[in-house]
Amino acid sequence: RALINKLRPQGQEPPASTECDILEVLQEILAMPQFATTGRFEACLRVPKELRTCPIAADRLAVAQAFRNLLVNAAESLPGREGTIVVSVGKDSGSWRIEVRDNGRGMSQTFLRESLFRPFRTTKEAGLGIGLYQCKATVEAAGGTIAVDSAENIGTAVIITLPECSAARSRAAA
């Protein structure tokens, strides 16, 4: 019941916003055993050398869950769990650009157009179809955007932009 209430637009409450470091969140997720290099697939993080921190104003737990979901989706899309997942982080005029790219099964253009980000729609046999819906809600609650580029049998790229935390910008400028 609580899940259904969260999925209804009128039942959503914005998560508590605090400063967190998206780079730190991604490093923690990629260090988890299911994403550590296992020989079957590789998950790696690409970050410019000069980038040490990526502060955003968002609920850390919600953001971690959203990225964990994206990485699980990417791993599950790899046929035979073999392939590559690359998470890239960069700066783009006051925002952080995070891309999660895999070379997995991909999604059809019809699914992208008609079902992506809608609750209870999934390409997985055992999926519930709420992960990407929740991910989108989390990203938008943090003032960001999410876009997906996918092609069947080629792979998927999920591109997220999140505004840099203004408090961190102010401290850096001082």
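Look a little higher up for the structure.
Residues numbered from 1 in each chain as written. Predicted model: local features only at pLDDT ≥ 70, side-chain atom pairs only at ≥ 80, totals over all residues. Heavy atoms only, no water.

A. Region of the structure containing unusual backbone geometry. Despite not being glycine, Ser 93 has its phi angle at roughly 40°, a positive value. Here Ser 93 lies in the loop between strand E4 (83-92) and strand E5 (95-102). Its identity is not glycine, yet Asn 153 carries a phi of approximately 65°, on the positive side. A relative accessible area of 70% places Asn 153 in the exposed class. (Helix = DSSP H or I, 4+ residues; strand = E, 2+ residues; numbered from the N terminus. Buried < 20%, exposed > 50% of the residue type's maximum accessible area, 1.4 Å probe, protein only.)

B. View of the pattern of salt bridges. Considering all chains together, one arrives at six salt bridges under this definition. Linking Arg 97 and Glu 99 is a salt bridge whose minimum nitrogen-to-oxygen distance equals 3.1 Å. Owing to a relative accessible area of 12%, Glu 99 belongs among the buried residues under this scheme. In the salt-bridge network here, residues are joined through shared partners; they are Glu 24, Glu 28 and Arg 60. (Salt bridge = Lys/Arg side-chain N within 4 Å of Asp/Glu carboxyl O.)

C. Up close: the side chain of Thr 156. By the element assignment, Thr 156 lies in strand E7 (residues 155-163). Classification of Thr 156 by relative accessible area gives buried; the value is 8%. At 2.7 Å, the side chain of Thr 156 forms a polar contact with the side chain of Ser 150. The contacts of Thr 156, once residues within four sequence positions are left out, are Val 100, Arg 101, Asp 102, Gly 106, Met 107, Val 148, Asp 149 and Ser 150. (Polar contact = N/O pair within 3.5 Å; in protein donor to acceptor, adjacent residues only side chain to side chain. Contact = heavy atoms within 4.5 Å.)

D. Molecular detail of the nonpolar core. By size, the foremost hydrophobic cluster in this structure holds 42 residues, and its most contacted members are Ile 22, Phe 67, Ile 85, Ile 98, Ile 160 and Leu 162. A total of eight residues in this core trace back to one element, the largest contributor, which is helix H3 (residues 60-77). When near neighbours in sequence (up to four residues on either side) are disregarded, Ile 22 contacts Cys 54, Ile 56, Val 63, Phe 67, Ile 98 and Leu 162. (Core = buried A, V, L, I, M, F, W, Y, C linked by side-chain atoms within 4.5 Å.)

E. Highlighting the side chain of Glu 99. Structurally, Glu 99 can be placed in strand E5. A distance of 3.1 Å separates the side chain of Glu 99 from the side chain of Arg 97, its partner in a polar contact. When neighbours within four sequence positions are excluded, Glu 99 is seen to be in contact with Val 86, Val 87, Ser 88, Ala 157, Val 158 and Ile 159.

F. Seen up close, the environment of Glu 24. Mapped onto the fold, Glu 24 is located in helix H2 (residues 22-30). With relative accessibility at 37%, the residue Glu 24 sits in the partly exposed group. C-alpha separation for the pair Glu 24 and Thr 53, spaced 29 residues apart in sequence, amounts to 7.5 Å.

G. Focus on H2. Along H2, the residues classified as buried are Ile 22, Leu 23, Val 25, Leu 26, Ile 29 and Leu 30. Summarising the axial view, the buried residues of H2 lie within an arc of 160°, below the 170-degree limit, and thus occupy one face. You can read the cap of H2 off the contacts: a side-chain oxygen lies 3.0 Å from the backbone nitrogen of Leu 23, and it is on Asp 21. (Arc of directions from axis to C-beta.)

H. Representation of the packing of H3 against helix H5 (residues 131-141) in the model. Orientation of H3 relative to H5, taken along the N-to-C sense of each, is 140°, at an axis distance of 9 Å. Relative to H5, the element H3 is oriented oblique. Considering how the two elements wind past one another, H3 and H5 form a crossing that is left-handed. Judged by residue contacts, Ala 62, Val 63, Ala 66, Asn 69, Leu 70 and Asn 73 of H3 engage Gly 131, Leu 132, Cys 135 and Thr 138 from H5. (Axes fitted to C-alpha atoms, helices over the stretch in contact; angles between N-to-C directions. Parallel < 35°, antiparallel > 145°, perpendicular 65-115°, else oblique. Left-handed = near helix turned anticlockwise from the far one by under 90°.)

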